[in-house]
Amino acid sequence: MGREGWMGAIGQIIAEAGEAIDRRRLREGTNAYCVHSPDGASLQFAMPLLVRRPLPDGIDARGADGAVWAIIEAVKGAACTDTRLRPLGALDTERPARYAGGIEPVTLVHSDAAIGSELWKPDEENMFLPDGLHCTARGAVPYPGPPEGRAIREISETVAALAEGIGEVMRRLPVGDLAAAATLSLDQKLLRAHLPSMGLVCFIGDGTLPARSYTRFRQHHRVAGPKEGVHIPFLCPEGIGPIEIELPASGRRITGLGIRRREVLAIAGSNAQGKTTLLNAIRAGEDDHAAGDGRELVVTVRGARTAEAGGQHLSSADVSLFFGSLPPGMSGTPKAAFGQGSGSMTMAVQVGAAAREGAPLLLIDEDRAAANLLVRSTLQEEDVTPLAEILAKRRDAIGETACIVATSSLDSLIARADRIMVLRGHGAGAIAPAAFRAAYLEYLEQCTQMAEKEQGR
Ligand SMILES: Nc1ncnc2c1ncn2[C@@H]1O[C@H](COP(=O)(O)OP(=O)(O)OP(=O)(O)O)[C@@H](O)[C@H]1O
């Protein structure tokens, strides 16, 4: 057998590794494979394992993914010192950094989004079932040679030893740690389910650490870990109206910001104060996080949408919420537009769809938005109604959807918000909407006086 031949040896490896293999979930080529690495120096593998050790008694199975997380992270932590676990981080190969995704720490416990699939974390490949822990181990070892007797035996032993090592880490882990991780996960799941009956779409607990640190393996904010160094915790300002809630599984009482159904919340502030970061944390609240992530007390109902400027081809797209007529080059009607959509038109489609389909939450970040869809400019035609005016004159058009807008410069949009949170030095403060409107009016009056003076000159 040659280089490719290792896949042909999978059956033999499975047979020799025996009890350790999770035969029920085995899918050759997907979660069970052996391939010679492109540089020829190592053999990469994946194998579904079954560790016959059930979830300890007293742990609520609804939070089992939290316990799986605690086990996986403990295994990663032991990989450097336990020779059986070293293959998970490719630690004996020439290029461990390339394959180290297997031992990269993760603080994401559950996400419905397809993120971080290359990382080892609780998911449909890594879970508790009544017969024990089912997990798919991925790793790499130095190339053992062609897939023949001795090399096949070596890999089979490596796989069996991995299952043994994982089982031992599990045995050593205090049940209290597993229970705490499961309860934290369950708190988030249950709170998410309770939010609608509380009239909320999101809750951000005081103490939340929203900023992220990105690594080679965790490039997306939803899977990235907490920022290292100075990290300012979120504290709901008094002026915004903090609420106290009881976490459903642990019974712990916590305070924070509850974002209400149908409200418009502005996250305002100057440059680089953390607006996008907080918006991202709100979106990430759809996921469950482990202790230490920093977002474990941010819980958001599922189904939040984002709207941003684009430029996609539109085919029967409804832009009628904003556009009374179509610009040149487009065909159809505002309710069914065809053609190459502009940045603002693409965004109009997204906002319109969120409102029509009753999305619970719409997130808009000035950084990525078409500003001319949000606020009016002097040059804007009558036929376009920007969001600020829709909110002022026909709020019902946005339907059930709560809207969070992160912005620093769109004053006329901030003026339409029900609540205004202002970030300064990464900390949260509040401005009463009436006070903001008064300040904005004063500014507009100053502009008018200046213009009149210049005209009179
Ligand atoms: N609570 C926090 N503690 C520490 N650092 C933070 C915090 N929030 C955000 N940061 C960091 O501040 C920087 C700017 O954050 P962000 O991009 O969210 O700001 P912004 O207000 O959206 O900026 P801009 O208006 O320029 O788009 C980032 O490096 C981010 O990691």
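Refer to the structure presented above.
Treat the numbers as computed from the prediction; the structure is a model and nothing was measured.

### Examining the overall build of the chain
Then, number 1: The helix and strand tally for the chain stands at 11 helices and 21 strands.
Then, number 2: In the chain, buried positions account for 53% of the 457 residues.
Then, number 3: For the chain, the share of sequence-separated contacts (at least 6 apart) that also reach a separation of at least 24 residues comes to 72%.
Then, number 4: Accessible surface computed for the chain: about 20300 Å², of which carbon and sulfur atoms make up 52%.
Then, number 5: Side chains of the chain give 49 positive and 56 negative charges; the mean places of these two sets differ by 1 Å.

### Digging into the nonpolar core
Then, number 1: Core analysis: the largest hydrophobic core is formed by 58 residues, its most contacted members being W6, M47, L49, L85, F128, L133 and I166.
Then, number 2: Only α1 (10–17), β2 (42–51), α2 (64–78), β3 (108–110), β5 (132–142), α4 (149–172) and α5 (175–194) provide two or more residues apiece to this core.
Then, number 3: Excluding its chain neighbours within four sequence positions, the residues that come into contact with M47 are I10, I13, I14, I21, N31, A32, C135, T136, A137 and V159.
Then, number 4: Membership of the second largest hydrophobic core comes to 44 residues, among which are M345, V349, V351 and A415.

### Observations regarding the sheet that holds strand β15 (residues 313–317)
Then, number 1: Taken in spatial order, the three strands make up an open sheet running β15-β17-β16, and their pairing is antiparallel. Sheet topology places β15 and β16 (331–333) at the edges, where each strand pairs with a single neighbour. Taken pair by pair, the neighbouring strands of this sheet meet at an average axis angle of 20°, ignoring direction.
Then, number 2: Where β15 meets strand β17 (residues 336–340), four bridges bridge the pair, whose relative direction is antiparallel. In the strand pairing of β17, L314 is matched with G339.

### A word on the pattern of salt bridges
Then, number 1: Under the defined criterion, the tally for this structure stands at 37 salt bridges.
Then, number 2: For the salt bridge of R95 with D39, the shortest nitrogen-to-oxygen distance reads 3.5 Å. With R95 in the loop between α2 and α3 (96–99) and D39 in the loop between β1 (33–36) and β2, this residue pair connects regions lying 56 residues apart in the sequence.
Then, number 3: A residue is classified by how much of its surface remains accessible, and R95, at 40% relative accessible area, is partly exposed.

### What about the pairing of strand β11 (residues 264–269)?
Then, number 1: Across the six residues of β11, six count as buried, placing the element largely inside the fold.
Then, number 2: On β11, burial covers both faces: V264, A266 and A268 on one face and L265, I267 and G269 on the other are all buried.
Then, number 3: Across five bridges, β11 lies against strand β19 (residues 402–407) in parallel orientation. Each bridged residue has a counterpart across the sheet, and for V264 the counterpart in β19 is C403.
Then, number 4: As judged from the five bridges shared by β11 and strand β20 (residues 419–424), these two strands associate in the parallel manner. When the sheet's bridge partners are listed, A268 is paired in β20 with V422.

### As for the sheet that holds strand β4 (residues 127–129)
Then, number 1: Strand order in the open sheet formed by four strands is β1-β2-β5-β4, and the pairing between neighbours is antiparallel. With one partner strand each, in any of the chains shown, β1 and β4 form the two edges of the open sheet. The average undirected angle you get between the axes of adjacent strands in this sheet is 25°.
Then, number 2: The pairing of β4 with β5 spans three bridges and is classified as antiparallel. Among the inter-strand pairings, M127 is bridged to a residue of β5, identified as H134.
Then, number 3: Packed onto the sheet, α2 meets β4 and β5 and runs at close to 120° relative to β4.

### A short note on α5
Then, number 1: Between its first and last C-alpha, α5 extends 28 Å over 20 residues, near the 28 Å set by a 1.5 Å rise per residue.
Then, number 2: Every buried residue of α5 is accounted for by L178, A181, A182, L184, S185, L186, D187, Q188, L190, L191 and R192.
Then, number 3: In this structure, the buried residues of α5 make contact with α2, β3, β6 (200–205), β9 (243–246), β12 (288–289) and β13 (298–300).

### Comments concerning the site of the ligand
Then, number 1: Every one of the 16 residues lining the ligand counts as a neighbour, but I232, K275, T276, T277 and D367 are closest to it.
Then, number 2: At 2.9 Å from a nitrogen atom of the ligand is found a side-chain nitrogen or oxygen belonging to K227.
Then, number 3: Within the backbone of G274, an N or O atom sits 3.0 Å from an oxygen atom of the ligand.
Then, number 4: Protein chains bury 76% of the 640 Å² of accessible surface belonging to the ligand in isolation.
Then, number 5: In the shell around the ligand, the residues fall into five nonpolar, eight polar and three charged.

Each value, and the rule that gives it
- Residues numbered from 1 in each chain as written.
- Predicted model: local features only at pLDDT ≥ 70, side-chain atom pairs only at ≥ 80, totals over all residues.
- Heavy atoms only, no water.
- Helix = DSSP H or I, 4+ residues; strand = E, 2+ residues; numbered from the N terminus.
- Buried < 20%, exposed > 50% of the residue type's maximum accessible area, 1.4 Å probe, protein only.
- Contact = heavy atoms within 4.5 Å.
- Areas by Shrake-Rupley, 256 points an atom, 1.4 Å probe, with all protein chains shown as cover.
- Lys, Arg positive; Asp, Glu negative; His and termini not counted.
- Charge placed at Lys NZ, Arg CZ, Asp CG, Glu CD.
- Core = buried A, V, L, I, M, F, W, Y, C linked by side-chain atoms within 4.5 Å.
- Pairing = 2+ DSSP bridges.
- Axes fitted to C-alpha atoms, helices over the stretch in contact; angles between N-to-C directions.
- Salt bridge = Lys/Arg side-chain N within 4 Å of Asp/Glu carboxyl O.
- Expected span 1.5 Å × (residues − 1).
- Near = heavy atom within 4 Å.
- Polar contact = N/O pair within 3.5 Å; in protein donor to acceptor, adjacent residues only side chain to side chain.
- Nonpolar A, V, L, I, M, F, W, Y, C, P; charged D, E, K, R; others polar.

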